[in-house]
Amino acid sequence: MYIGAGLTVIAALFPFIDQSTTTVLADHIHASYPAYRPGAIDAAVTAYLAILSTIGLLGLLGWLGTIWAARVGKRWAPWLAIGLLATATCIAVATLTVQDTSGVVGLAPLLGWLQVLPCIPGLAAVALWRRAR
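Residues numbered from 1 in each chain as written. Predicted model: local features only at pLDDT ≥ 70, side-chain atom pairs only at ≥ 80, totals over all residues. Heavy atoms only, no water.

Caption draft 1: Just the nonpolar core, in detail. Within the largest apolar cluster, 14 residues are counted, with the highest numbers of intra-cluster contacts made by Leu25, Ile29, Ile41, Val45, Leu107 and Leu111. Broken down by secondary-structure element, the contributors of at least two residues to this core are helix 2 (19-32), helix 3 (38-71) and helix 5 (109-116). Broken down by element, this core gets its largest block of residues, five residues, from helix 3. Beyond its immediate stretch of four places on either side in the chain, Val45 contacts Thr22, Leu25, Ala26 and Ile29. Membership of the second largest hydrophobic core comes to six residues, among which are Ala81, Leu85, Ala92 and Val116. (Core = buried A, V, L, I, M, F, W, Y, C linked by side-chain atoms within 4.5 Å. Buried < 20%, exposed > 50% of the residue type's maximum accessible area, 1.4 Å probe, protein only. Helix = DSSP H or I, 4+ residues; strand = E, 2+ residues; numbered from the N terminus. Contact = heavy atoms within 4.5 Å.)

So, in structure tokens, the structure goes:
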């Protein structure tokens, strides 16, 4: 589960660490909305970064909550993990598939796939918990 928490942090911080990612996002928005002026593109990039940061923070809180629940032996910890995995999977699928008003997927594919990364250890954690029962 610590790997999942770490991947969540990486996915959330990656656009801030790798400045070329924001350029990719800006280019993606410009390609979807060629009439947008640079200020509008910057505002859209900022909005996406705020949304992705919020998702990352909530994901990290979910991982830490699940780790805590598992460590103290809460009986509902596996159910929390399953619920959070389902939520994260829905968010990851949405970031990869939801189209905006231009008819193009709203989020640049690189950032969408980054949202999938924490789901992999989440799936492993749920599968291992179910096998341990």
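Caption draft 2: Region of interest: the packing of aromatic side chains. Inspection of every chain in the model, using the stated rule, returns two aromatic pairs. A centroid spacing of 4.7 Å and a plane angle of 15° characterise the contact between Tyr33 and Tyr36, whose relative ring orientation is stacked. Tyr33 sits in the buried class, given a relative accessible area of 19%. Taking the centre distance of 6.4 Å and the plane angle of 45° together, the rings of Trp68 and Trp76 count as tilted. The exposure class of Trp68 is partly exposed, given its relative accessible area of 47%. (Phe/Tyr/Trp six-rings, centres within 6.5 Å; stacked < 30°, edge-to-face > 60°.)

Function cannot be inferred from these measures alone, as they are strictly geometric.
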